[in-house]
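Residue-level structural notes
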Amino acid sequence: MSERVNTDVVVTAAALDYDAELMLRVKEGDGASFGVLLEKHRTSVVHFLYRMIQNHAMAEELAQEVFLRVYRSRSTYEPTAKFTTWLFRIASHLALNALRDGKNEKLQERLDDDSSELPVRQVSDRRPTVEQTMVYQAKLDEVRRAIKTLPEKQRVAVLMHKYEEMEYSQIAKVLSCSESAVKSLLFRAYETLRARLAHLA
């Protein structure tokens, strides 16, 4: 019996994603593994938070809080889901709480702050002209405004699906709902965005 249990533990450990393995090492007191996780995921967490709250300084501050909570939770960590699912659940809760608390009200309209910090997915290597860059930036700002007006859960779902390229199952775990509910949220969100941004097509 004990041999079977040990085998199951080994198989489970082998199936874990690398991030979960690192977090289990952190749980055992390995500080270097936490550094690896921080280095690997900090940028994507900051970008996600920035898209949620539209303020870079606050996104940086909240990202620190996200990883602080990860570290504080190390002793109770169990790899029941992908590490990134757990990480983005913490990040989305903190972002939504910050928005509900109104911490970002004074800066809500500054949609172009630190936009250079965000990753830009270039379709082509050709350098755009100044005019093309300005048009692209204007469209990007409009897209951000449109996403920002979505209901909270729809906004989180869109950012995770479109920008973080997370699967429906991961988003469902982050939002504590079913995959069909996620698909419904995304369908409604994309329909709304399509209507609001039709003039950009």
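Criteria and cut-off values
- Residues numbered from 1 in each chain as written.
- Predicted model: local features only at pLDDT ≥ 70, side-chain atom pairs only at ≥ 80, totals over all residues.
- Heavy atoms only, no water.
- Helix = DSSP H or I, 4+ residues; strand = E, 2+ residues; numbered from the N terminus.
- Buried < 20%, exposed > 50% of the residue type's maximum accessible area, 1.4 Å probe, protein only.
- Contact = heavy atoms within 4.5 Å.
- Areas by Shrake-Rupley, 256 points an atom, 1.4 Å probe, with all protein chains shown as cover.
- Phe/Tyr/Trp six-rings, centres within 6.5 Å; stacked < 30°, edge-to-face > 60°.
- Lys NZ or Arg CZ within 6 Å of the ring centre and 35° of its normal.
- Expected span 1.5 Å × (residues − 1).
- Axes fitted to C-alpha atoms, helices over the stretch in contact; angles between N-to-C directions.
- Parallel < 35°, antiparallel > 145°, perpendicular 65-115°, else oblique.
- Nonpolar A, V, L, I, M, F, W, Y, C, P; charged D, E, K, R; others polar.
- Salt bridge = Lys/Arg side-chain N within 4 Å of Asp/Glu carboxyl O.
- Core = buried A, V, L, I, M, F, W, Y, C linked by side-chain atoms within 4.5 Å.
- pLDDT = per-residue confidence, 0-100.
- Bend = angle between axes of the 7 residues up to and from the residue.
- Polar contact = N/O pair within 3.5 Å; in protein donor to acceptor, adjacent residues only side chain to side chain.

As for the overall build of the protein chain
In terms of regular secondary structure, the protein chain is built from nine helices and zero strands. Helices (α) and strands (β) of the protein chain occur, in sequence order from the N terminus, as α-α-α-α-α-α-α-α-α. For the protein chain, buried positions account for 38% of its 201 residues. Considering only contacts within the protein chain whose residues lie at least 6 apart along the sequence, 67% involve residues at least 24 apart. Accessible surface computed for the protein chain: about 12200 Å², of which carbon and sulfur atoms make up 52%.

What to know about the packing of aromatic side chains
Taken as a whole and assessed by the stated rule, the structure comprises four aromatic pairs. Ring geometry for Phe 48 and Phe 88: centres 5.3 Å apart, planes at 90°, overall edge-to-face. Pair noted here: Phe 48 is in helix 3 (residues 31-53) and Phe 88 is in helix 5 (residues 83-100), with a separation of 40 residues, a long-range link. Classification of Phe 88 by relative accessible area gives buried; the value is 4%. One Lys or Arg, Arg 74, reaches over the ring of Tyr 71 and ends 4.0 Å from the middle of that ring.

Some details on helix 6 (residues 130-148)
With 19 residues, helix 6 extends 27 Å between its outermost C-alpha atoms, agreeing within 8% with the 27 Å of an ideal straight helix rising 1.5 Å per residue. Restricting attention to buried positions, one finds in helix 6 the residues Asp 141, Arg 144, Ala 146, Ile 147 and Lys 148. Along its buried surface, helix 6 packs onto helix 7 (152-163) and helix 9 (179-196).

Regarding the packing of helix 8 (residues 168-175) against helix 9
Two elements in contact, helix 8 and helix 9, have axes separated by 8 Å at closest approach and are oriented at 95°. Considered as vectors, helix 8 and helix 9 are oriented roughly perpendicular to each other. Contacts between helix 8 and helix 9 involve Tyr 168, Ser 169, Ile 171, Ala 172 and Leu 175 from the first element and Glu 179, Val 182, Lys 183, Leu 185 and Leu 186 from the second. Within the contact of helix 8 with helix 9, the residues separate by chemical class into seven nonpolar, one polar and two charged.

Considerations on the pattern of salt bridges
A complete count under the given rule lists eight salt bridges for this structure. The partner of Arg 144 in a salt bridge is Asp 141, with the nearest N and O atoms 3.1 Å apart. Of this pair, Arg 144 and Asp 141 both sit in helix 6, three residues apart, roughly one helical turn. The two residues Arg 144 and Asp 141 agree in class, both being buried.

What about the side chain of Glu 164?
For Glu 164, the location among the structural elements is in the loop between helix 7 and helix 8. Look at Glu 164 and you get buried, because its relative accessible area is 18%. Excluding its chain neighbours within four sequence positions, the residues that come into contact with Glu 164 are Ser 44, Phe 48, Arg 51, Phe 88 and Leu 159.

Looking at the nonpolar core
By size, the foremost hydrophobic cluster in this structure holds 52 residues, and its most contacted members are Val 45, Phe 48, Leu 49 and Met 52. Those elements giving two or more residues to this core turn out to be helix 2 (18-27), helix 3, helix 4 (56-72), helix 5, helix 6, helix 7, helix 8 and helix 9. For this core, the leading source of residues is helix 5, giving 11 residues.

A few points about the confidence of the model for the protein chain
For the protein chain, per-residue confidence averages 81 on the pLDDT scale, and 78% of positions sit at 70 or higher. Between residues 1-15, whose pLDDT stays under 50, and residues either more than four places distant or in other chains, the model counts one contact. Contacts of residues 106-125 to residues separated by more than four positions or lying in other chains number 29 contacts, the stretch itself having pLDDT below 50.

Some remarks on helix 3
Along its length, helix 3 shows its largest kink, about 45°, at His 41. Its side-chain oxygen placed 3.1 Å from the backbone nitrogen of Ala 32, Asp 30 serves as the N-cap of helix 3. One or two residues past the end of helix 3 sits Gln 54, with phi positive at roughly 60°.

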